[in-house]
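Coordinate analysis (summary)
Spelled out from the first residue to the last, the chains are:
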Amino acid sequence: MAVLAPLIALVYSVPRLSRWLARPYYLLSALLSAAFVLVRKLPPVCHSLPTQREDGNPSWDRKEEQREVEILMFLSAIVMMKNRRSMFLMTCKPPLYMGPEYIKYFNDKTIDEELEQDKRVTWIVEFFANWSNDCQSFAPIYADLSLKYNCTGLNFGKVDVGRYTDVSTRYQVSMSPLTKQLPTLILFQGGKEVMRRPQIDKKGRAVSWTFSEENVIREFNLNELYQRAKKLSKAGDNTPEEHPVAPVPTAVPDGESKKDK
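Just so we're clear, the structure is a prediction, and the values are computed from it rather than from any experiment.

**A word on the sheet that holds strand β5 (residues 192–197)**
- Reading across the sheet, the five strands line up as β1-β3-β2-β4-β5 and stay open at both edges, with mixed pairing between neighbours. At either margin of the open sheet sits one strand with a lone partner, and together these are β1 (104–106) and β5. For this sheet the average axis-to-axis angle between neighbouring strands, irrespective of direction, equals 30 degrees.
- Packing of helix α7 (residues 133–149) onto the sheet brings it into contact with β2 (122–128), β3 (154–160) and β4 (184–189), and relative to β3 it is tilted by some 155 degrees.

**Considerations on the packing of aromatic side chains**
- Scanning the entire structure with this criterion turns up eight aromatic pairs.
- Geometrically, the ring pair formed by F127 and Y171 is tilted, given 5.4 Å between the ring centres and 45 degrees between the ring planes. With F127 in strand β2 and Y171 in the loop between α8 (165–170) and β4, this pair connects stretches of sequence that are 44 residues apart.
- Residue F127 is classed as buried on the basis of its relative accessible area, which comes to 0%.
- A relative accessible area of 11% places Y171 in the buried class.
- These aromatic residues form a ring-pair network of at least three members: F138, Y142, F156, W209 and F211.
- Directly above the aromatic system of F128 lies the positively charged group of K158, at a separation of 4.5 Å from the ring centroid.

**Things to note about the pairing of β5**
- Across five bridges, β4 lies against β5 in antiparallel orientation. Residue pairing for β5: L187 is matched across the bridge by M195.
- Counting the residues in the hairpin turn of β4 and β5 gives two residues, including G190, whose phi is positive at 70 degrees.

**What about the environment of N107?**
- By secondary structure assignment, the location of N107 is in the loop between β1 and α6 (110–117).
- Here T110 takes part through its backbone nitrogen, which lies 2.8 Å from a polar atom of the side chain of N107.

**What to know about the pattern of salt bridges**
- Under the counting rule described, the total for this entry stands at eleven salt bridges.
- A salt bridge links R120 to D118; the nearest nitrogen and oxygen atoms lie 3.2 Å apart.
- If you follow the salt bridges from partner to partner, you end up with D112, D166 and R170 in one network.

**As for unusual backbone geometry**
- At the junction of L182 and P183, the peptide bond is cis and its omega measures out at 0 degrees in the coordinates.
- Relative to the elements of secondary structure, P183 occurs in the loop between α8 and β4.
- Following R197, the chain continues into P198 via a peptide bond in cis, with omega recorded as 0 degrees.
- Examined against the element boundaries, P198 turns out to sit in the loop between β5 and α9 (213–219).
- Here Q172, not a glycine, exhibits a phi torsion of approximately 55 degrees, which is positive.
- For Q172, a relative accessible area of 62% puts it in the exposed group.

**Observations concerning the nonpolar core**
- Of all hydrophobic cores here, the largest spans 21 residues; its most connected members are I111, F127, V159, V167, Y171 and L182.
- Counting residues per element, the ones that place at least two in this core are α6, β2 and β4.
- Counting residues per element, this core draws most heavily on β2, which supplies four residues.
- With residues near it in sequence (within four places) discarded, V159 still touches F106, I111, V125, E126, F127, F128, Y164 and V167.

**Regarding the environment of R163**
- The residue R163 is located in the loop between β3 and α8 in this model.
- You can call R163 exposed: its relative accessible area is 63%.
- Taking the C-alpha atoms as reference points, R163 and F128, separated by 35 residues in sequence, lie 9.6 Å from one another.

**Quick look at α6**
- I111, E114 and L115 are the residues of α6 that are buried. Looking down the long axis of α6, one finds its buried residues gathered within 95 degrees of arc, a one-sided arrangement. For α6, the exposed residues set more than 90 degrees away from the buried face come down to E113 and Q117.
- Of the surrounding secondary structure, the elements contacted by the buried residues of α6 are β1, β2, β3, α8 and β4.

Calculation criteria
- Residues numbered from 1 in each chain as written.
- Predicted model: local features only at pLDDT ≥ 70, side-chain atom pairs only at ≥ 80, totals over all residues.
- Heavy atoms only, no water.
- Pairing = 2+ DSSP bridges.
- Helix = DSSP H or I, 4+ residues; strand = E, 2+ residues; numbered from the N terminus.
- Axes fitted to C-alpha atoms, helices over the stretch in contact; angles between N-to-C directions.
- Contact = heavy atoms within 4.5 Å.
- Phe/Tyr/Trp six-rings, centres within 6.5 Å; stacked < 30°, edge-to-face > 60°.
- Buried < 20%, exposed > 50% of the residue type's maximum accessible area, 1.4 Å probe, protein only.
- Lys NZ or Arg CZ within 6 Å of the ring centre and 35° of its normal.
- Polar contact = N/O pair within 3.5 Å; in protein donor to acceptor, adjacent residues only side chain to side chain.
- Salt bridge = Lys/Arg side-chain N within 4 Å of Asp/Glu carboxyl O.
- Core = buried A, V, L, I, M, F, W, Y, C linked by side-chain atoms within 4.5 Å.
- Arc of directions from axis to C-beta.

Spelled out as structure tokens, the structure:
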């Protein structure tokens, strides 16, 4: 069973993984990686390259190539031990999302002001970091949700905790890759936190949760929140406004000019 369970999970995730790898970005990355190897290894191609380096050795010397690979792997191991966040340099990182969205971006000063400004507004705020692959994968999903559900009483926001570290401390969102708390979605009602995903256990680690569109809609009751926010906005629009009363001009007595009055 210990061997079958991972195999079944792998087979089950093959369709979703194939759709993910079929994006043009990953296909182009694989093509460029293969082209680099072919240029360096195929004798007809590598022999046509400049044959002399500054030290006088051939550019396609196998011993020199092996030496360069060893140095590169040694430096990569040091970088990964010093800073775990730099491990994304060794992986195929997806590009930043640049599509349409209806999201307000906060900094360390504006997030508290915006949450306290109008307590009738419900906020869903994503705490993210640009170096996190999970945050970048969730970016198009969160943008699509903001386009569908954003209204007067339900707003979507984001704050970069990698840039504003005091915000992560204030809202207790750990940036360590071991805790797996990035991204974190927090629902604010009345300026106070109501719920968050993923949840945090007693050891300070995030409970496993999939950031999919269906899970966000179900867990945060977005359909119900949207309908409630629409009703509140309509009720606010129908409230009669108090019009200022125009002052009544006083009659000027006979024989008294306006200047004397």
